[in-house]
Amino acid sequence: MKSTLTKLMLTAAVIASPMVATADDHELTYVMVSHAPDSDSWWNTVKNGLALGGEQMGVNVEYRNPPTGDLADMARIIEQAAASNPDGIITTLADFDVLKGPIMSAVDQGIDVIIMNSGSPAQAREVGALMYVGQPEYDAGFAAGQRAAGDGVGSFLCVNHYISSPSSTERCQGFADGLGVELGNQMIDSGQDPSEIKNRVQAYLSANPETDAILTLGPTSADPTMLALAENGLAGDIYFGTFDLGEEIVNGLKSGVINWGIDQQPFLQAYLPVVVLANKDRYGVLPGNNINSGPGFVTKDGLEMVEKYAGEFR
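To start, this report covers the structure provided alongside it.

A few points about the packing of aromatic side chains
Enumeration over the complete set of coordinates arrives at 8 aromatic pairs. Ring centres of Tyr-239 and Trp-260 lie 6.3 Å apart, and the angle between their planes is 70°; on these two criteria the pair is classed as edge-to-face. With Tyr-239 in strand β9 (residues 239–243) and Trp-260 in strand β10 (residues 260–263), this pair connects stretches of sequence that are 21 residues apart. Aromatic rings pair up to connect Phe-267, Tyr-271, Tyr-309 and Phe-313 into one cluster. The side chain of Arg-147 reaches across the aromatic face of Phe-297, ending 4.7 Å from its centre.

Thoughts on the side chain of Arg-282
Its place among the elements puts Arg-282 in helix α11 (residues 266–283). Engagement of the side chain of Arg-282 in a polar contact is seen with the backbone oxygen of Gly-58, the distance being 3.4 Å.

Some points on the side chain of Asp-263
On the secondary structure map, Asp-263 appears in strand β10. Classification of Asp-263 as buried rests on a relative accessible area of 4%. There is a polar contact of 2.9 Å between the side chain of Asp-263 and the backbone nitrogen of Gln-265. In this structure Asp-263 touches Gln-135, Leu-245, Gly-294, Pro-295, Gly-296, Val-298 and Arg-314, once residues within four positions along its chain are discounted.

Let's talk about helix α2 (residues 43–57)
Two residues of an α-helix separated by three or four positions point the same way, owing to the 3.6 residues in each turn. Relative to the 21 Å expected for 15 residues at 1.5 Å per residue, α2 spans 21 Å between its end C-alpha atoms, a close match to the ideal helical length. All of the buried residues in α2 are Trp-43, Thr-45, Val-46, Gly-49, Leu-50, Gly-53, Gly-54 and Met-57. Those residues of α2 that are buried are in contact with β1 (29–33), β2 (60–64), β3 (88–91), β4 (112–116) and α11. Taken from the residues just after α2, Gly-58 is the one with a positive phi, measuring 70°.

Side note on the pattern of salt bridges
Counted according to the given criterion, the structure contains 9 salt bridges. Close ionic contact of Arg-76 with Asp-73 constitutes a salt bridge, the shortest N to O distance being 3.9 Å. Of this pair, Arg-76 and Asp-73 are both found in helix α3 (residues 71–83), 3 residues apart, which corresponds to roughly one turn of the helix. Assessed through its relative accessible area of 43%, Arg-76 is described here as partly exposed. One salt bridge connects Asp-112 with Lys-280, and the closest N-O pair in it is separated by 3.1 Å. Placement of Asp-112 in strand β4 and of Lys-280 in helix α11 is noted, with a sequence separation of 168 residues between them. The exposure class assigned to Asp-112 is buried, which follows from its relative accessible area of 15%. You can call Lys-280 partly exposed: its relative accessible area is 26%.

Description of the state of the cysteines
Counted under the stated rule, the structure contains 1 disulfide. The partner cysteine of Cys-158 in its disulfide is Cys-172, sulfur to sulfur 2.0 Å. Classification of the bridge connecting Cys-158 and Cys-172 rests on its S-S torsion, roughly -50°, and on that basis the disulfide is left-handed. Taken together, the residues span a long stretch of sequence, with Cys-158 in strand β6 (residues 156–160) and Cys-172 in helix α7 (residues 166–179) at a distance of 14 residues. In this pair, the class of Cys-158 matches that of Cys-172, namely buried.

Focus on empty space enclosed by the protein
Inspection of the entire model under this criterion finds 1 cavity of 30 Å³ or more. There is about 280 Å³ of room inside the largest cavity. His-35, His-161, Ser-168, Arg-171 and Leu-217 are the residues nearest the centre of the largest cavity, which is lined by 22 residues in total. Contributions of two or more residues to the lining of the largest cavity are made by α7 and α9 (219–232). If one sorts the elements of the lining of the largest cavity by residue count, α7 sits on top with 3 residues.

What counts, and where the lines are drawn
Residues numbered from 1 in each chain as written. Predicted model: local features only at pLDDT ≥ 70, side-chain atom pairs only at ≥ 80, totals over all residues. Heavy atoms only, no water. Phe/Tyr/Trp six-rings, centres within 6.5 Å; stacked < 30°, edge-to-face > 60°. Helix = DSSP H or I, 4+ residues; strand = E, 2+ residues; numbered from the N terminus. Lys NZ or Arg CZ within 6 Å of the ring centre and 35° of its normal. Polar contact = N/O pair within 3.5 Å; in protein donor to acceptor, adjacent residues only side chain to side chain. Buried < 20%, exposed > 50% of the residue type's maximum accessible area, 1.4 Å probe, protein only. Contact = heavy atoms within 4.5 Å. Expected span 1.5 Å × (residues − 1). Salt bridge = Lys/Arg side-chain N within 4 Å of Asp/Glu carboxyl O. Disulfide = S-S within 2.5 Å. 1 Å grid on protein atoms, 1.4 Å probe; cavity = no way out; pocket = protein on both sides within 12 Å on 5 of 7 lines; lining within 4 Å. Points joined across faces, edges and corners; volume = space filled by probe spheres on them.

And the structure:
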């Protein structure tokens, strides 16, 4: 019996081994390039997704970004990444005109590229990428606008902290269309400095006291906006929705200052491209379409898992 069991175990090991790697497998390396400045903590979840994907798939992963968020610097980083000849590049497409050149050059070099987080499926196809992994931003904004309209909202302020990214504007425009109103001057370019964001939100609300709601596009704009509302006495009294999650946003949901958050699941935006690229390189398999990582609404009632993993995997 012992001999037979040993033989069965050895046979199982031989059968199982191809699940890890093929015979001609080599050490795979994927480079992720984002447009995020070092100061944007929201991207820590992206980095965690990338790291876990690399660990589970047994591949090397690297994260690179322009420290100040400068897109010309990002373009150079993509060029440098391609020059290192990795097996794949995962990158955001924050500005099509600035970044399409280096991305298309990488594709022409024979490097597989996946666009994640920003850009669009159409733009990903145009630059020759394998797919787009992210949230359809206009659709997410539209769904949020419809939800707000059902709650009686008719006017709003969209605090756009990354106005050069078309994806950010699509969120604001979708929200306006979901409400059935013109966007007009209801979107402001807040910049990314927390003090400046707070001041600009307060100035807008002072000049437009009839504003029903506020929409922010992530922790960068949400956190200073909460401070602005706390200072002018509107915290909890004005309808407040936000894209993305973070520690302070979760606290805002718990306290009732924020009505809902839209989770685009940034963990998946980094994790899934690693899985897709590794399986393509090892087995020649590839999903037949783009992957939507969101949107999903998070409210005070559904915070248990979100709070547990906020800033880490959510």
